[in-house]
Amino acid sequence: MDEENRIHPANSQERSLFHIWQKNKNDTGINLAFAFRAENLDAARFQTAINKIIARHEGLRSFFFEKDGIVFKKVLPHLQIEIKKLQSDDLRKFIRPFNLEEAPLFRIASRGNILCLDFCHAITDGLSMALFFSELNEFYSGKEVFYSPSPAKIEDTCEVQKNTLFWTNQFKNPFTPLSLPYDKKIPQEHGGEGSSIVQGLGKRLTKKVQQICRKLSVTPFVFYFSAFIRFLAQISASSDVITTTNFSCRNSHNLRQIGLLASSAPIRFNIDKKTSAIDLIKSMNDYIRSCLAHQNLDPEKLLEEFSFSDLRDFSRTVFTYEHEKIADIRLDGKKCSFIPIPSRHSAADFTLCLFPFNDEGKILFIFRADLFSHFRAREMIRNYISVIKKICDEIEIKTKNRKI
């Protein structure tokens, strides 16, 4: 690393995003946008808090460039931003393309008591945003954060190769891509146009899921992902389910580091129609543990190892589960209302994002507008929620008055 100029090679995830951006520099598919409603917000204190976070984390002061075929990340010694004024009530218009070769790679704006934050995915991920909002609350409240963020660390090549082998072994046997309920013929080229729908799970159902997770000693991610797998099996009439999800790629060294460390990984899970809900969730829990043990991987290396004629075969659908702290933002101890921003871009055929609010979970369903109608999208959301309800009912019956 060049200590004087703070220049070092980009990690595998950053390289992958940089190459995606090079192919379409007007694409907003690599943006992570958030909005929330904050009552009695002190704009000056908020901006001061934001700039303190920027000063602490070099990832927020970074941009990228390519030289001799190698992607590098350069960290500015100092960077401050100003909160802009939103020009429209349509929050989607706030999301714009970034130039990855210029800093800052994020923007913040406000309109009344609405705050919007738009980040380039190349400098942050879901767990990073949970850390960002946690520190924001501390600094906004006048407190100080005392731990030292870990410096950037390039992945270990041997570990990446070992983990890549774990993922590719899942696809060594032939498979048939999922047959989804498309409304339209799949075009040869996809321009990225998409649409989205936000749907609440309901307070009662959210509470049921939380209770079952405690009873089975599993995380909400495992529960909701298990339901997603069963949902995909039903709508595709297939027991060999292939989808994509994200893993944080965090360890004790980089747990407090803001940056892009998370990786998207292809998941292949065989589900038997006769498998009970409890056995499904327990099997998924064991499987996810194995995935987490091999989560450090190079996306580009992974794609090189696959010999698929169409990469869409294993990335037609995506499931993401956002960290609880993203949906639970508090300033001065006052809870802010989180607002999922509708998307106008969809790289996958559809993506189901689950935001785990304490009182009521919410689904952000993003889909390709050239493949699905809004009616079909709403039908799939209803089907997924129906699967969640059936799993809850089945587990409640099985576990009533007995230990698991």
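Quick notes on the rules
Residues numbered from 1 in each chain as written. Predicted model: local features only at pLDDT ≥ 70, side-chain atom pairs only at ≥ 80, totals over all residues. Heavy atoms only, no water. Helix = DSSP H or I, 4+ residues; strand = E, 2+ residues; numbered from the N terminus. Rg over C-alpha atoms; globule rule 2.2 N^0.38 Å. Buried < 20%, exposed > 50% of the residue type's maximum accessible area, 1.4 Å probe, protein only. Contact = heavy atoms within 4.5 Å. Areas by Shrake-Rupley, 256 points an atom, 1.4 Å probe, with all protein chains shown as cover. Lys, Arg positive; Asp, Glu negative; His and termini not counted. Charge placed at Lys NZ, Arg CZ, Asp CG, Glu CD. Pairing = 2+ DSSP bridges. Axes fitted to C-alpha atoms, helices over the stretch in contact; angles between N-to-C directions. Polar contact = N/O pair within 3.5 Å; in protein donor to acceptor, adjacent residues only side chain to side chain. Expected span 1.5 Å × (residues − 1). Core = buried A, V, L, I, M, F, W, Y, C linked by side-chain atoms within 4.5 Å. Phe/Tyr/Trp six-rings, centres within 6.5 Å; stacked < 30°, edge-to-face > 60°. Lys NZ or Arg CZ within 6 Å of the ring centre and 35° of its normal.

**Q** I keep staring at the overall build of the protein and nothing clicks. Help me out?
**A** The helix and strand tally for the protein stands at 10 helices and 16 strands. For a compact globule of 404 residues, the expected C-alpha radius of gyration is about 22 Å, and the protein comes in at 21 Å, within 12% of that figure. Summarising its shape, the C-alpha atoms of the protein cover approximately 60 × 50 × 40 Å along the three principal directions. The burial tally for the protein puts 52% of its 404 residues in the buried class. The long-range fraction of contacts in the protein, counting pairs at least 24 apart against all pairs at least 6 apart in sequence, stands at 77%. Summed over all atoms, the accessible surface of the protein reaches about 19,500 Å², with 48% contributed by carbon and sulfur. For the protein, the centre of its 58 positive side-chain charges and the centre of its 48 negative side-chain charges are spaced 8 Å apart.

**Q** Please clarify how the sheet that holds strand β3 (residues 62–67) should be interpreted in this entry.
**A** The pairing of strands in a sheet happens through backbone hydrogen bonds and is either parallel or antiparallel. On the basis of which strands lie adjacent, the open sheet formed by three strands has the order β1-β4-β3 and antiparallel pairing. In this open sheet, the two strands that pair with only one neighbour each are β1 (7–9) and β3. Each neighbouring strand pair of the sheet contributes to a mean axis angle of 30 degrees, computed without reference to strand direction. Both β1 and strand β4 (residues 70–75) contribute to a ladder of three bridges, which runs antiparallel. Among the inter-strand pairings, His8 is bridged to a residue of β4, identified as Lys73. Sitting on the sheet, helix α1 (residues 12–23) touches β3 and β4, and the angle it makes with β3 is about 75 degrees.

**Q** When you look at the side chain of Asn31 in this model, what are you seeing that I'm missing?
**A** Along the chain, Asn31 falls in strand β2 (residues 31–37). Of the polar contacts made by the side chain of Asn31, one reaches the backbone oxygen of Arg96; its length is 2.8 Å. Contacts of Asn31, omitting those with residues within four sequence positions, involve Ile95, Arg96, Phe98, Arg107, Asp118 and Phe119.

**Q** Explanation requested: α1 in the structure shown.
**A** Counted at 1.5 Å a residue, the expected span for α1 with its 12 residues is 16 Å, and the 17 Å between its end C-alpha atoms agrees. Of the positions making up α1, those classed as buried are Ser12, Gln13, Glu14, Ser16, Leu17, Phe18 and Trp21. You can read the cap of α1 off the contacts: a side-chain oxygen lies 3.1 Å from the backbone nitrogen of Gln13, and it is on Asn11.

**Q** Looking at this structure, I do not really get the nonpolar core. What am I missing?
**A** Inside soluble globular proteins, nonpolar side chains tend to come together where they are buried. Judged by nonpolar contacts, the single largest core of 63 residues is most densely connected at Phe223, Tyr224, Phe350, Tyr384 and Ile388. Here this core takes 12 residues from helix α6 (residues 220–236), the largest share from any one element. In this structure, Leu60, Leu100, Ala122 and Leu131 belong to the second largest nonpolar core, which totals 52 residues.

**Q** Before we go on, may I ask you to explain the sheet that holds strand β11 (residues 317–321) in this structure?
**A** On the basis of which strands lie adjacent, the open sheet formed by six strands has the order β8-β16-β15-β11-β9-β10 and mixed pairing. Each end of this open sheet is capped by a strand with a single partner; those strands are β8 (194–200) and β10 (263–270). Ignoring which end each strand starts from, the neighbouring axes of this sheet average 25 degrees apart. Strands in contact with helix α10 (residues 374–399) are β8, β11, β15 (350–355) and β16 (362–368); relative to β8, the strand with the most contacts, it is inclined by about 35 degrees.

**Q** Looking at this structure, I do not really get the packing of aromatic side chains. What am I missing?
**A** Given two aromatic rings, their pairing is described by the distance between the two centres and the angle made by the two planes. All told, the structure shown has 28 aromatic pairs when counted by the stated rule. For the pair Phe65 and Phe72, a centre-to-centre distance of 5.5 Å together with 20 degrees between the ring planes defines the contact as stacked. With a centroid separation of 6.4 Å and 20 degrees between ring planes, the pair formed by Phe225 and Phe228 is classed as stacked. A residue pair is termed a helical-turn pair when its members lie 3 or 4 positions apart in one helix, as Phe225 and Phe228 do in helix α6 at three residues. Taken as a pair, Phe225 and Phe228 share a single burial class, namely buried. Stacked on the ring of Tyr140, the Lys or Arg Arg45 has its end atom at 4.1 Å from the ring centre.

**Q** Teacher, can you tell me more about unusual backbone geometry here?
**A** Leave glycine aside and you will find that most residues have negative phi; peptide bonds, for their part, are mostly trans. With an omega dihedral of 5 degrees, the bond running from Ala103 to Pro104 counts as a cis peptide bond. We note that Asn40 has phi near 55 degrees; this positive angle belongs to a residue other than glycine. Relative to the helices and strands, Asn40 is located in the loop between β2 and α2 (43–56). By relative accessible area, which is 69% here, Asn40 ends up exposed.

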